[in-house]
Amino acid sequence: MYKLSFCFGFVLILLFSNFKFQQDDASEPFKDKVGLFDSEEVLAITIRGNLKGLLNDRTGVPADFPMELSYQMEDKSIKSLPVVMKTRGHFRRIKENCKYPPLLIQFTDQSDHKKTIFGQQKKLKLVVPCSGDEYIIKEYMAYKMYQLITPMSFKARLVQVTLEDEKNKKPPVPFYGMLLEEENQMAERNQVVAFEKKLQPQQTQLKPFLTVAVFEYLIGNTDWSVQYQQNIKLIATDSNAMPIVVPYDFDHAGIVQAPYAHPAPELQLTNTRERRYRGYCIQSLSAFDEILATYKAIKPQLYALYTSNTLLDEKYIKSTIKFLDEFYTTIDNPKLLQKALLYPCDKNGTGNVVIKGLRQD
């Protein structure tokens, strides 16, 4: 009798709990279940406000502009969020260089925006076209490539951006942009913290540094340096630990083929498609064995990123596959590999030139 009463009571508790859960769930406002960087789908966003003032803010300390950001939630309703936006960067912020300046989005209503796809974000970098939005897609692909290699990387999400100026009555023309994971979120995801000290590349963890240096060589990017933290972020378990190098901003890479991208004159390169390994001198190639094994293992996935992408034109895909083939030919050939990776050891070469670059882009 005791067992029967207990079982009956337990069933009642389960039924009541389930009923209560359904009630609470039904009473809550709709909440997006997918995080911003959990989907490969292109997200359509609309930004409204004083766009003319924002986009013309190209010099001096960037000003804050109140804006409204809206998108379609999973239940098909339109969600609008108050945000503050400002321009950022250096090279791409200069009007003579780029059509649009890079932008920073800061969410102001934390309680409301937590129920949206942006719930985990406090601020986001928005990369917008410099000369054409096809180059946004190509740079986005570089981020996807590095994510295949290591979780110590910035996540990215393609967006279709519509800019609606409060005073301009002309119908806006949507274009592709890219949202980038915020530095502290990337660090938190990897259970580390952002590291702010300036140091030499030899003072960072070796394996992550070599992983980055080989990746920059793969994509044909020379626009980076640890010393000046040029397009590089550092993360570490704490402020006293040896940091890990994390790359970002790949628009000057040869794989992107941006028309405004040119190697620094000090490097004596003809164009961005001419690769140059820019790590420091390591005489023993055995230090690269594990890193190169990783790149060889993910070769099919790297190629598949391009061959399966419907947003890229066929001509670009073919030229990129050829560019990747040249990288793999090099790392599969001991003589070519030695020539490439030991270049920083050549005192008569430009392998040890440190380029400050145009920071904060």
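As shown above, the structure is provided for reference.
For clarity, every value in this text was computed on a predicted model and none was experimentally measured.

**Q** Just to check I follow, could you spell out the environment of Asn309 for this structure?
**A** Within the fold, Asn309 resides in the loop between helix H8 (299-307) and helix H9 (314-331). Judged by relative accessible area, Asn309 falls into the buried class, the value being 17%. Taking the C-alpha atoms as reference points, Asn309 and Met141, separated by 168 residues in sequence, lie 9.5 Å from one another. Aside from chain neighbours lying at most four places away, what touches Asn309 is Met141 and Ile317. At 3.4 Å, the side chain of Asn309 and the backbone nitrogen of Leu312 are in polar contact.

**Q** What is the right way to look at the pattern of salt bridges in this model?
**A** Pairing is possible between side chains of opposite charge, provided their charged atoms come close. Overall, the coordinates contain 13 salt bridges when judged by the stated rule. Its salt-bridge partner being Glu68, residue Arg48 comes within 3.1 Å of it at the nearest N-O pair. Of this pair, Arg48 sits in strand E1 (residues 43-49) while Glu68 sits in strand E2 (residues 65-72), and the two are 20 residues apart along the sequence. Owing to a relative accessible area of 28%, Arg48 belongs among the partly exposed residues under this scheme.

**Q** Teacher, can you tell me more about the nonpolar core here?
**A** Generally speaking, nonpolar side chains in soluble globular proteins are found buried as a group. Ranked by size, the top nonpolar core spans 75 residues in total, and within it Met145, Ile255, Tyr295 and Tyr306 carry the most contacts. The dominant element in this core, judged by the number of residues it contributes, is helix H4 (residues 134-149), at ten residues. In contact with Met145, other than residues within four places in its own chain, are Phe215, Leu218, Ile219, Ile255, Leu302, Leu305, Tyr306 and Leu324. Ile45, Ile47, Phe107 and Ile117 belong to the second-largest nonpolar core, a separate cluster that totals 30 residues.

**Q** Hey, could you run me through the state of the cysteines in this one?
**A** Each disulfide consists of a covalent bond between the sulfur atoms of two cysteine residues. Taken as a whole and judged by the stated rule, the model has two disulfides. Here Cys281 engages in a disulfide with Cys345; their sulfurs sit 2.0 Å apart. Across the S-S bond linking Cys281 and Cys345, the dihedral sits near 100°, which makes this disulfide right-handed. Residue Cys281 is found in the loop between strand E10 (244-247) and helix H7 (289-297), and its partner Cys345 is found in the segment after helix H10 (334-341); the two are separated by 64 residues along the sequence. Overall, the relative accessible area of 32% leaves Cys281 in the partly exposed class.

**Q** Looking at this structure, how should I read the pairing of strand E6 (residues 156-165)?
**A** Regular strands place their side chains on alternate faces of the sheet. Judged by how many residues are buried, E6 sits mostly within the fold: eight of ten residues are covered. Of the pairings in the sheet, the one linking E1 to E6 comprises seven bridges and is parallel in character. The residue of E6 that forms the bridge with Arg48 is Glu164. Summarising the sheet, E6 and strand E7 (residues 175-180) pair through six bridges and their orientation is antiparallel. Bridging from a neighbouring strand, Leu158 pairs with Met178 of E7.

Analysis parameters
Residues numbered from 1 in each chain as written. Predicted model: local features only at pLDDT ≥ 70, side-chain atom pairs only at ≥ 80, totals over all residues. Heavy atoms only, no water. Helix = DSSP H or I, 4+ residues; strand = E, 2+ residues; numbered from the N terminus. Buried < 20%, exposed > 50% of the residue type's maximum accessible area, 1.4 Å probe, protein only. Contact = heavy atoms within 4.5 Å. Polar contact = N/O pair within 3.5 Å; in protein donor to acceptor, adjacent residues only side chain to side chain. Salt bridge = Lys/Arg side-chain N within 4 Å of Asp/Glu carboxyl O. Core = buried A, V, L, I, M, F, W, Y, C linked by side-chain atoms within 4.5 Å. Disulfide = S-S within 2.5 Å. Pairing = 2+ DSSP bridges.

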